[in-house]
Amino acid sequence: MQRIAFLLLTILALGLASCNPQTSVGAPPAQSAADLPTQPAAPTNTLGPLPTDPATQPPVPTDTVIPPTDSATQPPVPTDTLIPPTEPPTAAPTSSPTVEVAPSPTNSPTHIAATDLALDAADVVFYPVPVIYAGDKVTFQLLPHVPESLRVGDVNAAIFVDGVQIVSGALDRRNWNGQAEGIYEWAWDTTGLAGQHQIEIILDPGDTIQDGDVDPANNRVTLNTTVEVASGQAALDAAATWQTTEIACCFVHVVSDTAAARDLPTLLPLLESAVVQSANRMAIRPSQKLNVYLIDRIVGQGGFAGTDMVVSYVDRRYAGGSVYELLVHEATHILDQQFAPRRITFLAEGLAVWASGGHYKAEDLNQRAAALLATGSYVPLAQLIDDFYPVQHEIGYLEAGGFVTYLVDRGGWSRFKEFYSDVASDDGATLSAAVDANLQAYYGMTLAQLESEWLAALQSRPADPLVVDDLKTTVRYYDVVRRYQAAYDPTAHFLSAWLPHPNQVRELGNPADLTRRPEEEINITLEVMLVAADTAARAGDYSRANVILDSVENILENDGAIIDPMATSYQRIVRAAAEYGYELHAVTLDGNTAQATATQAPDIRLKNLVMEMRGQEWVILSH
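Owing to the predicted nature of the structure, the values given are computational and were not obtained by experimental measurement.

K.L.:
Could you give an account of the sheet that holds strand β9 (residues 195-203), with specific residues and numbers?
P.N.:
Spatially, five strands are ordered β3-β10-β9-β5-β6 in an open sheet, and the strand pairing comes out mixed. In the strand order of this sheet, the two ends are held by β3 (132-133) and β6 (164-170), each with one partner. With six bridges connecting them, strand β5 (residues 156-161) and β6 associate as antiparallel partners. Looking across to β6, one finds that A157 is bridged to G169.

Here it is as C-alpha cells:
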C-alpha cells in the first residue's frame, strides 16, 4: 500500500506542469524580501504628533508576554506572520524516486510516562537553540509533568552546573498548551566556559511535596551539554547587536545583519501605515509610541504582543501570511489596552482580526465565517469563548473575527467598544457567561440568541466555493506547519514557545534568543517546500499546494526520509546550493530547472540563482 501511495503521489506531482500553463522555464525568480507588496497608503486622518522620549511616556499596560496562570487574562497568543514570495507554482521533477534519509526527530530524548510529579530529559530546553556558544547567557525552560492536583507555583526546581547550584525557584504557570512550565531566564553565563558540562535539575529538592509525588526518584534529571566556541558565521552572529530606529509611531528594534535590518527602509512606512489603520479602526489616538521588535526567527504564527510587539521577519517565510495584516493585528493588541485593559482573549483576537481586515491576508470575514459553517468547522461560541487557544488556530481566529464583525455591523463601533471594554473574566462563572451578561446589557440579547441570529445570517449567504477551497487549504497548511515545528523546530511552536519580554532580552539576554534557530539541511528543505505550498495557495492553485503538502507530510510521517521525486529534488537543490555557501529561502521548481532566492553568509543581500538538473544532480547555472 505504501508503494501505491508513493506512486499516486508521483503521478500527481508529474502532472503539475501540464496542469498549469502559466509556468515556464523563463518564469521570473521568486520575489525578494525587499520587494514588499504594495500596501494601501496610510489614512489621511493621521495620528498626529506622538511623544518622542520614552522616559516621559505614560506607564505601559500591565499585561505581559508570558501567559499567567489565569487563562482569562492571558496576552494574545502568537498570530499570523510573514510576506510570501511570489514564485510561480511548482512543477514536479521527472526523476524516479530515491530514498534519502534525513536526521530523524526521534533521535532527541523521548518523554517517560508518569502519573506523579516527574521530569525527564525531553522536558528540558536550553536557550538559545539549537547550539550554546561560549558567551551566551543560557535560559532554562522546564516542562515537567505536574499532576492537576498540584498547584504549579508550589513546585520548586533547582538547577546545578558541574555540581554548583546556579538558580532555584518555583515553576511559573501552565502555558497555552496546559503544560506546566518553569522559565529561568539568563541563569548561566557561559563566558569563558567552552567545553563539556554536566547539568542537573531537581524538582522539589526539599522533598516537601508528598501528595502527588509518589516517586521522588523521577524528579531528577542529569544532562551533559557542550558549550561550543563560536567561529565563522557563528562568531558573527554571536557579535550581533540591537539597533533602534525612531519613527512617528514607534521605536523599532532590529538585530544587526538580519533581514529586518536590511529591509528597514521598506518596513518602516509599512509599520506606520499599519499603526494608523489600527488606531483609526478603533477611533483612538496612541497614548505613547509602540516598541516594535522585528526578529529573525519564526515564533508560532509570527508574532506576539503584551506591553511591546514582536514580529517575525525572515527570508524563509515558512509560516506564510502577510506582514501588513500581522503588524495591524499586533498593534491592535497594544492599542486596545488603552480602553479595555481587562479584555478577554476571544474578543481581543476577534477585534485584532477585524481591525486587520482579515487574518493572514485581506479577506471578507463574512465570507470566511460562512465557509467555516459550510465546511462543518464552526465551533459553538460558548465552547470557543471558554477554551479559545486549544481550538484549531485558523478556525478560532476567523470565527472570533467573524463574530466581532457581525456585532460591529449590527450595532456600530461605539456600542461594540463599550461592550468590549466592559467584559471581564469576573463578570460570570465562565468567560462565556461573562460575555452573555454583557451582551444582554449592551445588545438586549443573550449569547445564544445572538449566535442563532448570526448563524441564520451566515446560512442565508451561499458559501463561495473558492473561499471554501482556500479555507480548507489554509487550515491544512498551518496544521502541517505545526507538525513540522513539533518535529524539527519545537521551540517555535506557539503553544509551548518561550516568549521572553523583548526589552529584557535587549537588556539582559542574547540577541540569539530571538534569532538563532535550527538550520540543518532537513529544516531548510522542509521550510522551502512549505513556502512553495503557501505561494501556490495564495495564487489560488489549491491542487498544487496540496500536492506539496502531501510530500511534506510524507517526510514527517517517515521520520525525515526523502522518498518521492518532488522532495528529492528540493533536498538536492538545497544541498547543491549549500556546496557554494548559499542558504536557500524560496525555490521555484519547473521540471528540470529551478530558480531560487538565497543568501551567502556573511552577505545578507538576497541573490537569485538559476539551477538545472543534470542526471540526478542539480547544478547552479548563474548566481
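K.L.:
Give me the lowdown on the pairing of strand β20 (residues 617-622), citing residues and values where you can.
P.N.:
Judged from the five bridges that link them, strand β19 (residues 603-614) and β20 form a sheet pairing that is antiparallel. Bridging from a neighbouring strand, R614 pairs with E617 of β20. Here β19 folds back onto β20, and the loop between the two strands holds two residues, one of which, G615, carries a positive phi near 70 degrees.

K.L.:
Any chance you could break down the sheet that holds strand β18 (residues 593-600) for me, citing the residues and the numbers?
P.N.:
In a beta sheet, neighbouring strands pair by backbone hydrogen bonds and run either parallel or antiparallel. Spatially, the four strands line up as an open sheet ordered β17-β18-β19-β20, and their pairing is antiparallel. The sheet is open, and its two edges are formed by β17 (583-590) and β20, each paired on a single side. In this sheet, adjacent strand axes meet at a mean angle of 30 degrees when their direction is disregarded. Contacts between helix α17 (residues 565-578) and the sheet are confined to β17, β18, β19 and β20, with β17 contributing the most and set at about 135 degrees to the helix.

K.L.:
How would you summarise the side chain of T139 if you had to cite specific residues and measurements?
P.N.:
Positionally, T139 belongs in strand β4 (residues 137-142). Here the side chain of T139 touches W186 through a polar contact of 2.8 Å, landing on its backbone nitrogen.

K.L.:
Please set out the side chain of N291 residue by residue, giving values where relevant.
P.N.:
Mapped onto the secondary structure, N291 falls in strand β13 (residues 290-295). Not counting chain neighbours up to four residues away, the residues in contact with N291 comprise F251, H253, D308 and M309.

K.L.:
Summarise the packing of helix α13 (residues 465-488) against helix α16 (residues 542-557); cite the residues concerned and give the values.
P.N.:
Angle between the axes and distance between the axes are the two parameters that describe a pair of packed helices. The N-to-C vectors of α13 and α16 enclose an angle of 20 degrees; their axes lie 10 Å apart at closest approach. Put simply, α13 runs roughly parallel to α16. Regarding α13 and α16, the two cross each other, and that crossing is left-handed. Between α13 and α16, the residues in contact are L466, D469, D470, T473, R476, Y477, V480, R483, Y484, A487 and Y488 and Y542, A545, N546, L549, D550, V552, E553, L556 and E557, respectively. Among the residues forming the contact of α13 with α16, the class breakdown is 11 nonpolar, two polar and seven charged.

K.L.:
Can you tell me about the environment of M611, naming the residues and giving the values?
P.N.:
Following the sequence through the fold, M611 ends up in strand β19. With relative accessibility at 0%, the residue M611 sits in the buried group. Remark: the alpha-carbon pair of M611 and T588, spanning 23 residues in sequence, is separated by 9.9 Å. For M611, the contacting residues outside a window of four places in its chain are I573, A576, A577, N592, T593, A594, W618, V619, I620 and L621.

K.L.:
Which residues make up unusual backbone geometry, and what are the values?
P.N.:
In this structure, P130 follows V129 across a cis peptide bond, with omega equal to -5 degrees. Summarising the element assignment, P130 is placed in the loop between β2 (124-127) and β3. For the bond from A601 to P602, the omega torsion is 5 degrees, close enough to zero to count as cis. Relative to the helices and strands, P602 is located in the loop between β18 and β19. One non-glycine residue, D162, lies in positive phi territory at about 50 degrees. Tracing the backbone shows D162 in the loop between β5 and β6.

Rules of the game
- Every residue gets a number counted from 1 within its own chain, in the order that chain's sequence is written.
- Local features in this predicted model are restricted to residues whose pLDDT is 70 or higher, and side-chain atom pairs enter the listing and the counts only when it is 80 or higher, whereas totals over whole chains, interfaces and linings include all residues.
- Hydrogens and water are ignored here; the side-chain numbers use all heavy atoms of the structure.
- Should DSSP find at least two bridges between two strands, the strands are taken to pair.
- Secondary structure is summarised from DSSP: a helix means a run of H or I of at least four residues, a strand means a run of E of at least two, and numbering begins at the N terminus for each.
- Fitted lines through C-alpha atoms serve as axes, helices being fitted only where they are in contact, and the angles separating the N-to-C directions of these axes extend from 0 to 180 degrees.
- Contacts: residue pairs with any heavy atoms within 4.5 Å of one another.
- Within 3.5 Å is the distance limit for a polar contact, defined as a pair of N or O atoms, with the added protein rule that one can donate a hydrogen and the other accept it, and that residues adjacent in sequence qualify only through two side-chain atoms.
- An angle below 35 degrees is treated as roughly parallel, one above 145 as roughly antiparallel, one from 65 to 115 as roughly perpendicular, and anything else as oblique.
- By definition, turning the near helix anticlockwise from the far helix through less than a right angle yields a left-handed crossing, and turning it clockwise yields a right-handed one.
- As a working rule, the residues Ala, Val, Leu, Ile, Met, Phe, Trp, Tyr, Cys and Pro are called nonpolar, Asp, Glu, Lys and Arg charged, and the rest polar, with Gly in that last group.
- Burial status follows relative accessibility: with a 1.4 Å probe on protein chains alone, a residue under 20% of its type maximum counts as buried, one over 50% as exposed, and anything between as partly exposed.

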